[in-house]
Structure formats: C-alpha cells, structure tokens
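Okay, here's what each chain looks like letter by letter:
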Amino acid sequence: MTVMDDWVTAACAELGLDPAEVAVPVVLDLARDVAHQVLRPGAPVTAYLLGVAVGRGADPTAAAARLSELAGSWPVELDGTAPAE
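Residues numbered from 1 in each chain as written. Predicted model: local features only at pLDDT ≥ 70, side-chain atom pairs only at ≥ 80, totals over all residues. Heavy atoms only, no water.

Trainee: In this structure, what is going on with the nonpolar core? I would like to understand it.
Mentor: In globular proteins that are soluble, nonpolar side chains generally tend to be buried together. In terms of nonpolar packing, the biggest core is built from six residues, these being Leu30, Val34, Leu50, Ala63, Ala64 and Ala71. Listing elements by their share of this core, those giving two or more residues are helix H2 (24-37) and helix H4 (60-72). Not counting residues within four places of it along the chain, the set of residues in contact with Ala71 comprises Asp33, Val34, Gln37 and Val38. (Core = buried A, V, L, I, M, F, W, Y, C linked by side-chain atoms within 4.5 Å. Buried < 20%, exposed > 50% of the residue type's maximum accessible area, 1.4 Å probe, protein only. Helix = DSSP H or I, 4+ residues; strand = E, 2+ residues; numbered from the N terminus. Contact = heavy atoms within 4.5 Å.)

Trainee: Mind showing me how you'd approach H2 here?
Mentor: One full turn of an α-helix is made of 3.6 residues, so residues set three or four places apart face in the same direction. With 14 residues, H2 extends 20 Å between its outermost C-alpha atoms, agreeing within 8% with the 20 Å of an ideal straight helix rising 1.5 Å per residue. Val24, Leu30, Asp33, Val34 and Ala35 are the residues of H2 that are buried. Its buried side turned inward, H2 meets helix H1 (3-15), helix H3 (42-55) and H4. (Expected span 1.5 Å × (residues − 1).)

Trainee: Would you take a moment to explain the side chain of Thr46 for this structure?
Mentor: By secondary structure assignment, the location of Thr46 is in helix H3. Reaching out from Thr46, the side chain makes a polar contact with the backbone oxygen of Gly42 at a distance of 2.6 Å. Once residues lying within four places of it in the same chain are set aside, the contact partners of Thr46 are Leu30, Val34 and Leu67. (Polar contact = N/O pair within 3.5 Å; in protein donor to acceptor, adjacent residues only side chain to side chain.)

Right, here's the structure in full:
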C-alpha cells in the first residue's frame, strides 16, 4: 500500500465511506488540470465541488471529465491572469 492508499482508507473510515468507491486517479487528474490550466487554489475547491456533485448523484467520472474540459477551455492570458472584460 502507498501513503495515498493509507490516507484514503483512514479518511474514508472517519467519514463512513467505502474506499473502493473513491476514484483517486480521477480526482488527482482533475486537480492537476485545474491547477495547471486555471489556478492552483482552484484545484482543492474544484475537488470539493466534484464531491458535492457526486454526493448529489452525479457520476464521478463524467462530472470530472466535464470539469477537466472546462479547465482546458478556460481563457488565460500569457501572464497567467484571466483576460480583462
């Protein structure tokens, strides 16, 4: 087991969740996409939003794919800031 596996197992135990239902690679890929294509602090917030959506019945893989696509199309200026409106 890796440290990530240990962490997810322990966190799931605290929250009464089944670790087998946690799509760790999906969440990590989404966080990477948002951190690199939108902004770093957006990664944990987006992971939280994904969790809320999944808690309300969204398919985690489909929801993460939609958010990753959104991040990929997010407009960014060369200096890393959003374009002025």
